[in-house]
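A look at the structure
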Amino acid sequence: MLRLASTAFLATFSACALAVSIAEIQGASFRSPLAGKVVQDVRGVVTAKDRYGMWFQSESSGDSRYSNGLRIYGNAILRQVNVGDLISIGGTVAEYRAKDNPNDLLQTQIASPHDVRVLSSDNIVTPLILGKDRIPPVGKLSAADVGPDGWLSVPNNVSLLENLNATLQPDLYGLDFWESLEGQLVTIPYPVAANFPDRFGSFWAYGDWPVSGKNSRGGLTITFSDEDNVPQAHPEAIFVGRAMDGTKNPHTSVGMTLSNITGIVAYQYGYFYVLPLTAPRVISVPNSEVLPSSLVASAHPCELNIGDYNVENMSPRSHHISVVAEHIADYLKTPDVVFVQEIQDDSGPRDNGIVSANKTLATLVKAIQASSGVQYEFVNIAPENNMDGGQPGGNIRVAYLWRPEKVSLIPGLIGNATQATRVVFDDEEKLGLSLNPGRIDPKNSAWEEARKPLAAAWQTISGERFYTVNIHFSSKRDSSSPQGDARPPVNGGSDRRISQANVTATFIKTLLAHDANASIVVAGDLNEFVQTRAVFAPFTGLLADTNEAAGVVSEERYTYVYDQHMQEIDHIFVSTRVAERGVQVEHVHVNTWAASSGARASDHDPTVAKVWVCDSEGAHSGK
């Protein structure tokens, strides 16, 4: 009786199973219309194998929305088939997402494979040539990225792509494009690396097809679209994963060119990848030599060079102090004032209650003097222990370095970690600060676990006053993948950065309310792109971006590289009056142009600007 019951079950099972094509399983949207269904006699040629399963591919359906490649999950059948075999297979259509990655897109696959039959062998699948057979769209990731700033819009995480499950539009949107190729064999012709590799050896690249924001180095800078003024998301770049034959990917740098890459389009770890059949070779390596800034120091007391540099967790024992010092001396040409961020306390990351950073700054100043002969002075305000975020125990903060032969702090009391400086008139009825330097509203909840901005009032050797704010806004920690389910993607900390920009803007407004012609420089690591206009809205009409004031080409505005994007998260803003007098600015790519990630002194590039801070003498000489 048991044998008869089993036979009856198998007959019923077979009758319920669907004989379908790969394209019918993939469907024209993000989720398979057959998810959860048992299918049979699904046919295709095996294109690649890994230790967990394989991919196979059939003839194209003629509709670009339907992928004709598919993942088969299950290693029990690996010995039964070889690459090039035309097979027939049954199984259950599944949408896979790792339990610990709830924001990942779903990967369509056949699970619990059975009834594997090899119909023929030594078949050849010709890979689809990207840029020729199919061209990635430029600019936008998803139709679900609603808002004026597209993928950078605030609020974000207002919808889930998999829940929407809209019909794919692969000619318009990047996520739709790569989804429509899921499981297919493709070739990236003439690939160019867009970043350093991650810790697994994967790297971002684009091929011989149109791209947006391409800069002189060969990287892709975040810019606004000329068509609709929405930030470009660079869906035309793709993550290249580890090679399936075990060969090692090269250690890429931005602009490196490689041999053609053939592999499978797959989704994993929050991104679309091409998984190479074999690792590419290096064809050419860009020159890692960086030209120093052309902005030389001026003898005029009103014309100042302002430097800005996030020196990445610098403590007295940091190995990169001498290199940073060389950058400030030889590449920034020893600016008159240098804004620095991520200065750690004198014990570095040891969480021992020490908060002073005087030893750290003295070590940096000494190294700059050794490189240039220039003696800087410095000032900072120590934070409360472990209250300003960053590496635990490190107590990072912002600080100023300055050349005393060009500028000096207006005499006054220096604030402490919890005291707020105010705009005041001194005994000479001149505009100053109650604490100089002093923190801006440090008890405001906007600065919880974040660096507090440091405001300072200065005077030139001719007695003219100007004002600065050194800022380091909250990080993007807890952001979601731009290629994940949440649309627009979660921009971690954006609400805090908006609040921080508002607090900073309120202080600037107070200065300008007392002196509409005040010369103000606001600089630092804002951990945000100007293309996220919601964050920078408080500065609108109040401060000018030096890039705009100086006419820097949009594609060359970058200080950082992350994912496939070269981006500017370090900024120098000036008051309108300073901008009107004329500004020059240069980003010095000593780190983003490095030969390897390990060769960098910091993950940020420094910037230097030339500004005129005196109102009485009008515009720049020679401008």
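This section reports on the structure supplied with the text. Bear in mind that the values here come from a model prediction, so they are computed numbers and not experimental data. (Residues numbered from 1 in each chain as written. Predicted model: local features only at pLDDT ≥ 70, side-chain atom pairs only at ≥ 80, totals over all residues. Heavy atoms only, no water.)

**Remarks on the state of the cysteines**
What the rule picks out here adds up to one disulfide. Disulfide pairing places Cys-302 opposite Cys-614 at an S-S distance of 1.9 Å. When the S-S torsion is -95°, as for the bridge of Cys-302 with Cys-614, the disulfide is left-handed. Residue Cys-302 is found in the loop between β16 (282-284) and β17 (303-314), and its partner Cys-614 is found in the segment after β34 (607-612); the two are separated by 312 residues along the sequence. Here Cys-302 matches Cys-614 in class, with each residue buried. (Disulfide = S-S within 2.5 Å. Helix = DSSP H or I, 4+ residues; strand = E, 2+ residues; numbered from the N terminus. Buried < 20%, exposed > 50% of the residue type's maximum accessible area, 1.4 Å probe, protein only.)

**Quick look at the nonpolar core**
Formed by 49 residues in total, the largest nonpolar core has its most connected members in Leu-130, Trp-178, Ile-188 and Phe-272. Those residues within four positions of Ile-188 in sequence are excluded, and the remaining contacts are Leu-130, Tyr-206, Gly-207, Trp-209, Ile-238, Val-240, Asn-260, Ile-261 and Val-274. In terms of nonpolar packing, the next biggest core, distinct from the first, is built from 35 residues, Ile-328, Tyr-331, Leu-332 and Val-365 among them. (Core = buried A, V, L, I, M, F, W, Y, C linked by side-chain atoms within 4.5 Å. Contact = heavy atoms within 4.5 Å.)

**What about the pattern of salt bridges?**
Counted according to the given criterion, the structure contains 22 salt bridges. Between Asp-41 and Arg-43 there is a salt bridge, with the nearest N and O atoms lying 2.9 Å from each other. Taking the shortest distance from any N to any O, the salt bridge between Asp-615 and Arg-581 comes out at 3.3 Å. Linking Asp-615 in the segment after β34 with Arg-581 in helix α10 (residues 576-581), this pair joins segments that are 34 residues apart in sequence. Overlapping salt bridges, with partners in common, bring together Arg-577, Glu-580, Arg-581 and Asp-615 in one network. (Salt bridge = Lys/Arg side-chain N within 4 Å of Asp/Glu carboxyl O.)

**Describing the sheet that holds strand β33 (residues 584-587)**
Strand order in the open sheet formed by six strands is β19-β20-β18-β17-β34-β33, with mixed pairing between adjacent strands. The two strands at the open ends of the sheet, each matched to only one other strand, are β19 (377-380) and β33. Ignoring which end each strand starts from, the neighbouring axes of this sheet average 20° apart. In terms of strand pairing, β17 meets β34 through six bridges, oriented antiparallel. Of the residues in β34, the one forming a bridge with Asn-305 is Lys-610. (Pairing = 2+ DSSP bridges. Axes fitted to C-alpha atoms, helices over the stretch in contact; angles between N-to-C directions.)

**A look at the side chain of Asn-491**
Along the chain, Asn-491 falls in the loop between β27 (486-487) and α7 (494-514). Overall, Asn-491 belongs to the buried group, its relative accessible area being 9%. Within the structure, Asn-491 has its side chain in polar contact with the side chain of Glu-528 (distance 3.1 Å). With residues up to four places along the chain from it excluded, the contact list for Asn-491 reads Asn-156, Lys-476, Ser-479, Arg-497, Glu-528 and Thr-532. (Polar contact = N/O pair within 3.5 Å; in protein donor to acceptor, adjacent residues only side chain to side chain.)

**Topic: the environment of Val-552**
As for its placement among the helices and strands, Val-552 is situated in the loop between α9 (546-550) and β30 (560-562). Separated by 32 residues in the primary sequence, Val-552 and Gln-584 place their C-alpha atoms 8.8 Å from one another. With near-sequence residues (within four places) excluded, Val-552 lies in contact with Asn-547, Arg-557 and Val-585.

**Digging into the pairing of strand β2 (residues 38-50)**
With two bridges connecting them, strand β1 (residues 18-19) and β2 associate as parallel partners. Considered in β2, the bridge of Leu-18 is made with Val-39. The pairing of β2 with strand β3 (residues 53-57) spans five bridges and is antiparallel. Following the sheet pairing, Asp-50 is matched in β3 by Gly-53. Here β2 hands over to β3 after two residues, the two strands then running antiparallel side by side.

**Some thoughts on unusual backbone geometry**
Of the consecutive residues Val-154 and Pro-155, the connecting peptide bond is found in the cis state with omega at 5°. In this model, Arg-487 is joined to Pro-488 through a cis peptide bond whose omega is -20°. Topologically, Pro-488 is positioned in the loop between β27 and α7. One non-glycine residue, Asn-313, adopts positive backbone phi at about 50°.

**Some remarks on the pairing of strand β9 (residues 185-188)**
Residues of β9 alternate between two faces, with Leu-185 and Thr-187 on one and Val-186 and Ile-188 on the opposite face, all of them buried. Alignment of strand β7 (residues 128-129) against β9, held across two bridges, turns out to be parallel. The partner of Leu-128 across the bridge, within β9, is Val-186.

**Comments concerning the packing of helix α5 (residues 321-331) against helix α6 (residues 358-372)**
The contact between α5 and α6 brings their axes to 8 Å, and the two run at 55°. The angle between α5 and α6 places the two elements in the oblique class. As α5 runs across α6, the sense of the crossing is right-handed. Residues Ile-321, Val-324, Ala-325, Glu-326, Ile-328, Ala-329 and Asp-330 of α5 form the contact with α6, whose participating residues are Thr-363, Leu-364, Ala-367, Ile-368, Ser-371 and Ser-372. For the contact of α5 with α6, the residue count by class is eight nonpolar, three polar and two charged. (Parallel < 35°, antiparallel > 145°, perpendicular 65-115°, else oblique. Left-handed = near helix turned anticlockwise from the far one by under 90°. Nonpolar A, V, L, I, M, F, W, Y, C, P; charged D, E, K, R; others polar.)

**Concerning the packing of aromatic side chains**
One pair of aromatic rings is described through two measures. These are the centre distance and the angle between the planes. Following the criterion strictly, the structure yields 15 aromatic pairs and no others. Taking 5.4 Å as the distance between ring centres and 85° as the angle between the ring planes, the aromatic pair formed by Tyr-400 and Trp-458 counts as edge-to-face. Placement of Tyr-400 in strand β20 (residues 397-402) and of Trp-458 in strand β25 (residues 454-460) is noted, with a sequence separation of 58 residues between them. With centroids separated by 6.1 Å and ring planes inclined at 50°, the aromatic side chains of Trp-447 and Phe-473 adopt a geometry described as tilted. You can see Trp-447 sitting in the loop between β24 (438-439) and β25 and its partner Phe-473 sitting in the loop between β26 (465-472) and β27, a full 26 residues away along the chain. Among the residues examined, Phe-473 registers a relative accessible area of 1% and is labelled buried. Grouped by ring-pair contacts, the aromatic residues Trp-204, Phe-239, Tyr-269, Tyr-271 and Tyr-273 constitute a single cluster. In this structure, Arg-71 is placed above the aromatic ring of Trp-55, and the distance from its NZ or CZ to the ring centre is 4.2 Å. When the ring centre of Phe-529 is taken as origin, the NZ or CZ atom of Lys-476, which lies over that ring, is 4.5 Å away. (Phe/Tyr/Trp six-rings, centres within 6.5 Å; stacked < 30°, edge-to-face > 60°. Lys NZ or Arg CZ within 6 Å of the ring centre and 35° of its normal.)

**Quick word on the environment of Ser-216**
Tracing the sequence through the fold places Ser-216 in the loop between β11 (203-206) and β12 (238-240). Spatially, the C-alpha atoms of Ser-216 and Arg-422 are 44 Å apart, while their sequence positions differ by 206 residues. When neighbours within four sequence positions are excluded, Ser-216 is seen to be in contact with Glu-556 and Trp-593.

**Describing the side chain of Arg-71**
Following the sequence through the fold, Arg-71 ends up in strand β4 (residues 69-73). Since its relative accessible area comes to 8%, Arg-71 is described here as buried. A polar contact of 3.1 Å, which involves the side chain of Arg-71, links it to the side chain of Asp-50. Every residue in contact with Arg-71, bar those within four places of it in the chain, is listed here: Asp-50, Tyr-52, Gly-53, Met-54, Trp-55, Gln-107, Thr-108, Gln-109 and Ile-110.

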